[in-house]
Amino acid sequence: MTDRITLVIDGKTVSAVAGEMLLWVALDNDIYIPHLCGSRDDQEKPASCRLCFVEVDGRPLPVTACTLPVSEGLVVRTGGERVDALVATGFELLMSNHRLDCKNCPANGDCALQQIAKTRKLKLKPKKLPVLERDLTVDDSVPGILFDPNKCVLCGHCIKACLRDGNGILGFTRRGFERVISTFGDLPLAESECSGCGSCAAVCPVGAWSAHLHAEAF
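Throughout this description, residue numbers start from 1 for each chain and increase along the sequence as written. Local features are withheld for residues below a pLDDT of 70 in this predicted model, meaning they are given only at 70 or higher, and side-chain atom pairs are given and counted only at 80 or more; totals for whole chains, interfaces and linings count all residues. Side-chain figures throughout are based on the complete set of non-hydrogen atoms in the structure, without hydrogens or water.

Caption draft 1: Representation of the domain arrangement of the protein chain. Domain assignment breaks the protein chain into domain 1 (1–133) and domain 2 (134–218). Contacts are residue-level and defined by heavy atoms, with any inter-residue pair within 4.5 Å sufficient. Contacts between domain 1 and domain 2 engage 20 residues on the former and 15 residues on the latter. Values labelled buried area give the accessible surface lost by two parts on being combined, using a 1.4 Å probe and summing over both. With both chains or domains summed, domain 1 and domain 2 bury close to 1400 Å², and 53% of this area falls on carbon and sulfur atoms. Interface area lost by domain 1 to domain 2 is led by Leu36, Asn97 and Arg99, which between them contribute 35%. Each reported salt bridge corresponds to a side-chain nitrogen of Lys or Arg within 4 Å of a carboxyl oxygen of Asp or Glu. Across the salt bridge formed by lysine 160 and aspartate 42, the nearest N and O atoms sit 3.1 Å from each other. Counted as a polar contact is a pair of N or O atoms within 3.5 Å, where, for protein atoms, one must be capable of donating a hydrogen and the other of accepting one, and residues adjacent in sequence contribute only when both atoms are in side chains. If you look at where domain 1 meets domain 2, you find seven residue pairs in polar contact (both at pLDDT 80 or more). Gly is placed with the polar residues, together with every amino acid not listed as nonpolar (Ala, Val, Leu, Ile, Met, Phe, Trp, Tyr, Cys and Pro) or charged (Asp, Glu, Lys and Arg). The residue inventory of the side of domain 1 that touches domain 2, partitioned by class, reads ten nonpolar, five polar and five charged. Start and end positions for the domains come from either an automated domain assignment or a database one.

Caption draft 2: Structural view of unusual backbone geometry. Although it is not a glycine, alanine 47 sits at a positive phi angle of roughly 50°. Secondary structure elements follow DSSP: runs of H or I no shorter than four residues count as helices, runs of E no shorter than two count as strands, and numbering proceeds from the N terminus. Here alanine 47 is to be found in the loop between helix H1 (22–28) and strand E3 (53–56). One non-glycine residue with positive phi stands out, namely aspartate 135, at about 55°. Within the secondary structure layout, aspartate 135 lies in the loop between helix H3 (112–120) and strand E6 (145–147).

Quick look at the structure:
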């Protein structure tokens, strides 16, 4: 029998399986914590988006909810001066390198960035940092799939989906500001054995990947 424990998140007592990651426990109990990169079935927790910080009683510094296994009696706060500052800074850094085009974006209305901005009362357009446009090439070489790397937040969901459902052609390349998701040799999708399965578009939280239909003549 699986051991269950109780913990407190934002004053709410919840029950969970011992060892489950706090992020998913909170979300399962309708307590929203900003996040982009985490997946429930991740064996290794990347914690790369740096948005899911929380404060835990007894710990001197905020921790990432996607890497914190729950235990009996844990007391957690998803907000607070330090957590709010960390999330706001991380979000602004992210948005300073994101092509903001909500009106024409396929994820408009169902976008993780819009949800974070709304729930944390943050601006999508950076106030303190300059917007760094990279003008990367949009790839629509495979019918039904479009990838706009200028909107990519490097969450890695598309890489995992491609490994699971496609031909595993995607990966991270380069470092720092130049980091992107690409194919081996930076070849277009159509030259990289892309199967066109569309799993990348299905899991993308921000509309960088989208499924589209080419115009057909009637």
